[in-house]
Amino acid sequence: MYKYTYKILLRSDRPRPDGSKMLTLQAFIAGTRVRLPLNVSVKPESFDPNTMQVKSKDEPERALKINALLSKVKSRVEDMFFDSLMNDVPLTAAQFTQAFDRKPVHGDFLLWMKQEIEKSSETQAEATMKNYNTTFRWLGKYQAKIVFADLTFDFVSGWDAFLRKQNLDRNTVAKYHR
C-alpha cells in the first residue's frame, strides 16, 4: 500500500520585506517529506490553509490567478499519485520531485527550456550548449512569452519564417529546430 499526501503551505521561516511569504508544495511520499517552492508569495492573512486558496479583497485579480495556479498544482500532484496507485508502481520522493520539476507549473516554455539547458550543461559539449543558448535567444526574440499551449504547428511555422527573415542560412534555421 502506498501512502501519499500533500498540502500547500506558507513558508514561515523567510518572510519577505513586505510581509508576504512564499507558497510551498509539501508532499509526503511513503513517509518522506518533499518541499517544492511554487515561486509565488502572498500575505499570510490572505491564504486559507484549509482550502489551500488565496482570498484577497485588495487584489482580486491576482488572487484569481494564484488560485488558478494552485488548482493546476493540486491537479498535477493528484494525477501523479493516481497514476502511481492505478499502475501499482510505487512513487519515490526523488521521482516525484523530478517529475514535478520537469514542466513548470506556470506553463512557461522559455523558463522550462532555460532550466533544461542549465541541467544539461554538465553532460553536453560546449558547442551543443552554445547551440541551445542561441536557440533560446532566438525564441525569446521571436516571442517574449511562450506557454506550452502555444507550441503548435502554426507557431513552429511562424518561427521558421521569422528565422528565415533574419537572413540565416537554411541549415542554420534547421539547426534551431532540433
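See the structure above.
In this report, the structure presented in the accompanying data block is examined.

### Some details on the overall build of the protein
At step 1: Per the secondary structure count, the protein includes six helices and five strands.
At step 2: What you see in the protein, going N to C, is helices and strands ordered as β-β-β-β-β-α-α-α-α-α-α.
At step 3: Here the C-alpha radius of gyration of the protein, 20 Å, is well above what a compact globule of 178 residues would show, namely 16 Å.
At step 4: Seen through its principal axes, the protein has C-alpha atoms that stretch 55 × 45 × 30 Å.
At step 5: The 178 residues of the protein split such that 35% are buried.
At step 6: When contacts within the protein are restricted to residue pairs at least 6 apart in sequence, those whose partners lie at least 24 apart make up 45%.
At step 7: In the structure as shown, the protein presents an accessible area of about 11700 Å², 52% of it carried by carbon and sulfur atoms.

### Thoughts on the packing of aromatic side chains
At step 1: All chains considered together, the criterion is met by seven aromatic pairs.
At step 2: An angle of 35° between the planes, with centres 5.6 Å apart, marks the rings of Phe109 and Trp112 as tilted. Of the two residues, Phe109 and Trp112 are both situated in helix 3 (residues 109-120); the distance of three residues between them amounts to about one turn of the helix.
At step 3: Taken together, Tyr4, Tyr6, Phe81 and Phe96 form an aromatic cluster joined through their ring pairs.
At step 4: Lying across the ring of Phe136, Lys114 places its NZ or CZ 4.9 Å from the centre.
At step 5: Lys141 extends its terminal NZ or CZ atom over the ring of Trp138, reaching a point 4.8 Å from the ring centre.

### A word on the side chain of Ser41
At step 1: On the secondary structure map, Ser41 appears in strand 3 (residues 32-42).
At step 2: Its relative accessible area of 13% is what places Ser41 among the buried residues.
At step 3: At 3.4 Å, the side chain of Ser41 and the side chain of Ser20 are in polar contact.
At step 4: When neighbours within four sequence positions are excluded, Ser41 is seen to be in contact with Arg16, Ser20, Lys21, Met22 and Arg62.

### Details of a nonpolar patch on the surface
At step 1: Residues Phe82, Leu85 and Met86 make up a contiguous nonpolar surface patch of roughly 330 Å² in combined accessible area.
At step 2: When its relative accessible area of 48% is taken as the criterion, Phe82 is described as partly exposed.

### A word on the environment of Val173
At step 1: On the secondary structure map, Val173 appears in helix 6 (residues 170-175).
At step 2: According to the relative accessible area criterion, Val173 is buried, its value standing at 4%.
At step 3: Contact partners of Val173, with chain neighbours within four places excluded, come to Asp160, Leu163, Arg164 and Leu168.

### Focus on the pairing of strand 3
If a strand is regular, its side chains alternate between the two faces of the sheet.
At step 1: Sheet analysis places strand 2 (residues 21-29) next to strand 3, joined by eight bridges and oriented antiparallel. Looking across to strand 3, one finds that Ala27 is bridged to Val34.
At step 2: The loop that links strand 2 with its antiparallel partner strand 3 comprises two residues; one of these, Ala30, has a positive phi angle of about 50°.

### Some words on unusual backbone geometry
At step 1: Non-glycine residue Asn39 carries a positive phi angle of around 60°.
At step 2: Summarising the element assignment, Asn39 is placed in strand 3.
At step 3: Positive phi outside glycine occurs at Asp88, with the angle close to 55°.
At step 4: Mapped onto the fold, Asp88 is located in the loop between helix 1 (60-86) and helix 2 (93-102).

### Some thoughts on helix 5 (residues 153-165)
At step 1: Between its terminal C-alpha atoms helix 5 stretches 18 Å, which fits the 18 Å expected from 13 residues at 1.5 Å a residue.
At step 2: Restricting attention to buried positions, one finds in helix 5 the residues Phe155, Trp159, Phe162 and Leu163. One side of helix 5 holds all its buried residues, which, seen down the axis, span an arc of 95°. The outward face of helix 5, more than 90 degrees from its buried face, is lined by the exposed residues Phe153, Asp154 and Lys165.
At step 3: Next to the buried residues of helix 5 lie helix 4 (126-142) and helix 6.

Cut-offs applied
- Residues numbered from 1 in each chain as written.
- Predicted model: local features only at pLDDT ≥ 70, side-chain atom pairs only at ≥ 80, totals over all residues.
- Heavy atoms only, no water.
- Helix = DSSP H or I, 4+ residues; strand = E, 2+ residues; numbered from the N terminus.
- Rg over C-alpha atoms; globule rule 2.2 N^0.38 Å.
- Buried < 20%, exposed > 50% of the residue type's maximum accessible area, 1.4 Å probe, protein only.
- Contact = heavy atoms within 4.5 Å.
- Areas by Shrake-Rupley, 256 points an atom, 1.4 Å probe, with all protein chains shown as cover.
- Phe/Tyr/Trp six-rings, centres within 6.5 Å; stacked < 30°, edge-to-face > 60°.
- Lys NZ or Arg CZ within 6 Å of the ring centre and 35° of its normal.
- Polar contact = N/O pair within 3.5 Å; in protein donor to acceptor, adjacent residues only side chain to side chain.
- Patch = residues over 30% accessible without salt bridge, like charges linked within 9 Å, V, L, I, M, F, W, Y side chains within 5 Å.
- Salt bridge = Lys/Arg side-chain N within 4 Å of Asp/Glu carboxyl O.
- Pairing = 2+ DSSP bridges.
- Expected span 1.5 Å × (residues − 1).
- Arc of directions from axis to C-beta.

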